[in-house]
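For reference, the chains in residue letters:
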Amino acid sequence: MKPPPVGYSRPASVAEALTTLAALGPEAKILAGGQSLVPLMSMRLAAPAHLVDINRLADLSYVRHDAGQVRVGALARHAQVLASPSATVQPLLAKALRHVAHPAIRNRGTTVGSIVHAYPAAEMPAVLALLGGSVRLVSASGERLVSASDFFLGVLESAAEPGELATEVAFPVLPPRAGTGFAEISRRRGDYAICGVAAMVRLAADGTVDDARAAYLSVGPCPQVLDLTEKLAGVAPGAVSLSAAVQLVRERVDPEPDIHATADYRRHLAGVLTERALLESLGEAAGEPKGEAA
Amino acid sequence: MTKPEELHEVAMTVNGATRTARVPARRLLSDCLRHDLGLTGTHVGCEHGVCGACTILLDGAPVRSCLLLAVSADGAKITTVEGLAEPDGSLSAVQQAFTECHGLQCGFCTPGFLTTITAGLRAVPEPTDDQIREMVGGNLCRCTGYQNIVASVRRAAQIQRDRAGRP
């Protein structure tokens, strides 16, 4: 369990990193927290020719919020995002981050890295997809903003091209009269989830449900977002019946079986967890004291 | 490999002393500590971040040394289990609590627990039982059944209070 031989650069600035990435092209792999990349290399599932270590790019270790977005720089560790006052304007971030592995992993792993890694069982890609956030990709020849819906292309596959550095992800803040919920099931605390759900509900001015959606992890190659509004719209949070929404979810998700769970079990969990995440969302949107998702 | 691997100079402050090594980029920090620096107190279990045995403190925060490359830790301040004892060589509060409460049997996982709990009690000096379980939830132990480890954390908090002269 040792990584294969690999080249190594540690740029001191974003500009130097971009020059290095441009020169190396597809040979290069960016090393941020390395909490997914290093074990993949140790298991010889990944063997990049060259690592570009961005851990010296202190400019990118920010968490802040402006213009209705929580902005997380490429070097912000999960633990830093979790503890940041800036992240409290989108409560779903903390709810999901508590499920990301263990504290020791969150101390080193980065939120942007987890999103670019695009692992289907990871929490933060689903959160970005649910909220309709975006990823800023910068290269030596310019930069572009890619929306979450265009960013996740497949298992471990994102829209980031060789030569590009994801410098920032932006999560929209929680709108007024809205609430979020997060629920997942894993065999052991801190393991990747067998199934997980992030949900958000927004109420209209009259207090009835105006918008409801949920995003799923571990049920497909990419985070799947389902619009559940048609099953919940126009009803007050306290009077909502979730069975129709749960039914819709079970019809729409198409999970794969693996050694951890059958497809049927995942479909069952998707329904149960949707109910939990929606209840949490509805409670928060209606201004109830925050309850723990079961 | 036809040509020898490129080596990189790494300098770290380990347990208060500056240590240097020349390592290939692929050298895990856990292996650098054990093989290059001779600090075999850090134990290597799963080598993919699951067991927690190799946990060290990196700039004060617990991290898995098997999930870090040594080159990436250049310039960092590291504390391993060898650095936990008091300056006079007596046991730290956490170490003392583990001996008193039978918090270990075979000892393989112990370095990871000691480092994790040392940092955990700095952040939360008076943890509830739930906070204790969250604190050690990322470390595996196959001997104790964890009850004695939870008791050790409780006892360590008490020893810290006693040593600081607090009630």
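This is a predicted model, so every value here is computed, not measured.

**Q** It is not clear to me how the overall build of chain B should be interpreted in this structure. Could you clarify?
**A** A tally of helices and strands in chain B yields five helices and five strands. Secondary structure elements in chain B, listed N-terminal to C-terminal, are β-β-α-β-β-β-α-α-α-α. Taking 167 residues into account, the globule formula puts the C-alpha radius of gyration at 15 Å, and chain B, at 17 Å, falls close to it. Its C-alpha atoms give chain B principal-axis dimensions of about 60 × 30 × 25 Å. Across the 167 residues in chain B, those meeting the buried criterion constitute 48%.

**Q** Sorry, what's going on with the interface of chain A and chain B here?
**A** Interface size is commonly expressed as the accessible area that is lost once the parts come together. At the junction of the two partners, chain A supplies 26 residues and chain B supplies 23 residues. Those elements giving two or more residues to the side of chain A that touches chain B turn out to be strand S1 (7–9), helix H2 (37–42), strand S3 (50–53) and helix H5 (103–106) of chain A. Of the residues assigned to the side of chain A that touches chain B, the class counts are 14 nonpolar, eight polar and four charged.

**Q** Where do I start with the pairing of strand S10 (residues 165–172) of chain A in this structure?
**A** Working note: regular strand, side chains alternate between the two faces of the sheet. Residues and elements named next belong to chain A. Within S10, seven of the eight residues are buried, which leaves the element mostly enclosed by the surrounding structure. Sheet analysis places strand S5 (residues 69–73) next to S10, joined by five bridges and oriented antiparallel. Counterpart to glutamine 69 in the pairing with S10 is proline 172. Across five bridges, the pairing between strand S6 (residues 134–139) and S10 is antiparallel. The partner of serine 134 across the bridge, within S10, is alanine 170.

**Q** How should I be thinking about the nonpolar core in this particular structure?
**A** Across soluble globular proteins, nonpolar side chains show a tendency to be buried alongside one another. If you look at the biggest cluster of nonpolar residues, it comprises 140 residues, and the most contacted ones within it are Ile54(A), Val127(A), Ala198(A) and Ala214(A). Excluding residues within four positions of it along the chain, Ala214(A) makes contact with Val197(A), Ala198(A), Ala199(A), Leu226(A), Leu228(A), Val249(A), Thr274(A) and Ala277(A).

**Q** Help me understand the domain arrangement of chain A in this model?
**A** One can read the domain layout of chain A as domain 1 (7–53), domain 2 (58–172) and domain 3 (178–285). Computed over C-alpha atoms only, the centres of domain 1 of chain A and domain 3 of chain A are separated by 36 Å.

**Q** Looking at this model, I keep getting lost on the sheet that holds strand S11 (residues 178–185) of chain A. Mind explaining?
**A** Residues and elements named next belong to chain A. Ordered in space as S11-S12-S13-S14, the four strands form an open sheet in which the pairing is antiparallel. The open sheet has two edge strands, S11 and strand S14 (224–227), and neither has a second partner. Each adjacent strand pair in this sheet contributes to an overall mean axis angle of 15°, direction not counted. Sheet analysis places S11 next to strand S12 (residues 195–203), joined by eight bridges and oriented antiparallel. Note on S12: the bridge partner recorded for phenylalanine 182 is alanine 198. Along the sheet, helix H7 (residues 123–131) makes contact with S12, strand S13 (209–217) and S14, crossing S13 at roughly 155°.

**Q** I would appreciate a short explanation of helix H1 (residues 14–24) of chain A in the present structure.
**A** One turn of an α-helix holds 3.6 residues; hence residues three or four places apart share an orientation. All names here are of chain A. Within H1, burial applies to Ala17, Leu18 and Leu21. Within H1, the buried residues cover an arc of 95° as seen down the axis, which keeps them to one side. Among the structural elements, strand S2 (28–31), S3, S6 and S10 are those in contact with the buried residues of H1. Once H1 ends, the next one or two residues include glycine 25, with phi positive near 55°.

**Q** What should I look at first to understand helix H4 (residues 129–136) of chain B in this one?
**A** Residues and elements named next belong to chain B. For H4, the complete set of buried residues consists of Ile132, Met135 and Val136. Down the axis of H4, the smallest arc covering the buried residues is 80°, so these residues share one side. Along its buried surface, H4 packs onto helix H3 (110–123) and helix H5 (147–163).

Calculation notes
Residues numbered from 1 in each chain as written. Chains lettered and ligands numbered in written order. Predicted model: local features only at pLDDT ≥ 70, side-chain atom pairs only at ≥ 80, totals over all residues. Helix = DSSP H or I, 4+ residues; strand = E, 2+ residues; numbered from the N terminus. Rg over C-alpha atoms; globule rule 2.2 N^0.38 Å. Buried ≥ 20, exposed ≤ 12 C-beta atoms within 10 Å, placed from the backbone. Contact = placed C-beta atoms within 7 Å. Nonpolar A, V, L, I, M, F, W, Y, C, P; charged D, E, K, R; others polar. Pairing = 2+ DSSP bridges. Core = buried A, V, L, I, M, F, W, Y, C linked by C-beta atoms within 7 Å. Domains from an automatic or database assignment. Axes fitted to C-alpha atoms, helices over the stretch in contact; angles between N-to-C directions. Arc of directions from axis to C-beta.

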